[in-house]
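Examining the three-dimensional arrangement
Single-letter residue listing:
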Amino acid sequence: CFVWIGNTAWNIYGGQWFTASVFQGDQNAPDGSEQKIAYGEGNAAFSHGGQARSVLQLISALVIITMLLRQWLRPRLVYAPCIFIGGIASILAAFAVGHSGFFAMVCMTLSVM
């Protein structure tokens, strides 16, 4: 349940976080200003991060399904590392990203785990 709450928060507030916090952009800034350009760059980074996140989600889902169908590991040994990776990525996004757009995209991508 809490994993989906985290995913929902990323989906709803991720764009705002990228544009305002990471890139320090402003939607209401005058056209051509640094803040307006930064806002556009933040939106682009959010889009790229979202696409990478979707690809990782698809690949990880297929790997997890395969592992569970072949019964290589018990389910909790498959899901626990995924939740741990997603949690660490979210903590890093909250406290370590700063203004690094690339690191923000990496954290957003890994948060889907």
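So, how was this worked out
For every chain, the first residue of the written sequence is number 1, and numbering continues from 1 onward in sequence order. pLDDT decides what is reported in this predicted model: residues at 70 or higher carry local features, side-chain atom pairs at 80 or more are listed and counted, and totals for whole chains, interfaces and linings draw on all residues regardless. Hydrogens and water are ignored here; the side-chain numbers use all heavy atoms of the structure. Only residues above 30% relative accessible area that lack a salt bridge enter a patch, with like-charged residues linked at up to 9 Å and the nonpolar side chains Val, Leu, Ile, Met, Phe, Trp and Tyr linked at up to 5 Å. A 1.4 Å probe and the Shrake-Rupley method give the accessible areas. Residues count as covered only by the protein chains that appear here. What makes a salt bridge here is a side-chain nitrogen of Lys or Arg within 4 Å of a carboxyl oxygen of Asp or Glu, nothing more. Put simply, DSSP marks the helices as runs of H or I at least four residues long and the strands as runs of E at least two long, and each gets a number from the N terminus on. Classification of residues uses two cut-offs on accessible area relative to the type maximum, computed with a 1.4 Å probe and protein chains only: under 20% is buried, over 50% is exposed, and between them is partly exposed. Given a helix with a known number of residues, its expected span is that number minus one, times 1.5 Å. At every residue, the bend is computed as the angle between two fitted axes, covering the seven residues ending there and the seven beginning there respectively. Throughout, a contact is declared for two residues whenever any of their heavy atoms are within 4.5 Å. Each Phe, Tyr or Trp ring (for Trp, its six-membered ring) is paired with any other whose centre lies within 6.5 Å, and the angle between the two planes then decides the class: stacked below 30 degrees, edge-to-face above 60, tilted in between. Every axis in this analysis is a line fitted to C-alpha atoms, fitted for helices over the stretch in contact. Angles between the N-to-C directions lie between 0 and 180 degrees. Handedness of each helix crossing follows the sense of rotation of the near helix against the far helix: counterclockwise by less than a right angle gives left-handed, clockwise gives right-handed. Residue polarity follows a fixed list, in which Ala, Val, Leu, Ile, Met, Phe, Trp, Tyr, Cys and Pro are nonpolar, Asp, Glu, Lys and Arg are charged, and the others, Gly among them, are polar.

1. Re a nonpolar patch on the surface
Where nonpolar side chains cluster on the molecular surface, the patch consists of Phe84, Ile85, Ile88, Ile91, Leu92, Phe95 and Leu110 and spans about 690 Å² of accessible area. Counting residues per element, the nonpolar patch draws most heavily on helix H3 (residues 75-95), which supplies six residues. Of note, isoleucine 85 is situated in helix H3. Owing to a relative accessible area of 36%, isoleucine 85 belongs among the partly exposed residues under this scheme.

2. A closer look at helix H1 (residues 2-22)
Here H1 is 21 residues long, yet its end C-alpha atoms lie only 25 Å apart, well below the 30 Å a rise of 1.5 Å per residue gives. The largest bend along H1 measures about 55 degrees and falls at tyrosine 13. Residues Asn7, Trp10, Gly14, Gly15, Trp17, Phe18, Thr19 and Val22 constitute the buried set of H1. On its buried face, H1 is in contact with helix H2 (34-70), H3 and helix H4 (101-110). The positive-phi residue at the C-terminal boundary of H1 is glutamine 24, with phi of around 55 degrees.

3. Side note on the packing of aromatic side chains
Taken as a whole and assessed by the stated rule, the structure comprises two aromatic pairs. Here tryptophan 17 and phenylalanine 18 contribute two aromatic rings whose centre-to-centre distance is 5.2 Å and whose plane-to-plane angle is 80 degrees, an arrangement assigned as edge-to-face. With relative accessibility at 0%, the residue phenylalanine 18 sits in the buried group. Judged by centre distance (5.8 Å) and plane angle (55 degrees), the rings of phenylalanine 18 and phenylalanine 46 are tilted. Of this pair, phenylalanine 18 sits in helix H1 while phenylalanine 46 sits in helix H2, and the two are 28 residues apart along the sequence. Overall, phenylalanine 46 belongs to the partly exposed group, its relative accessible area being 22%.

4. A word on the packing of H2 against H4
Relative orientation and spacing of two packed helices are given, respectively, by the angle between their axes and the distance between those axes. Orientation of H2 relative to H4, taken along the N-to-C sense of each, is 35 degrees, at an axis distance of 8 Å. Where H2 crosses over H4, the handedness of that crossing is right-handed. In this structure, H2 contributes Ala45, Phe46, His48, Gly49, Gly50, Ala52, Arg53 and Leu56 to the contact, and H4 contributes Met105, Met108, Thr109 and Leu110. Here the contact of H2 with H4 is built from residues that sort into seven nonpolar, four polar and one charged.

5. Examining H2
With 37 residues, H2 ought to run about 54 Å at 1.5 Å a step, and its terminal C-alpha atoms sit 53 Å apart, in line with that. All buried positions along H2 are accounted for by Ala38, Gly42, Ala45, Gly49, Arg53, Ser60, Ile64 and Met67. Each element contacted by the buried residues of H2 is listed here: H1, H3 and H4. One or two steps after H2, the chain reaches glutamine 71, where phi turns positive at roughly 55 degrees.

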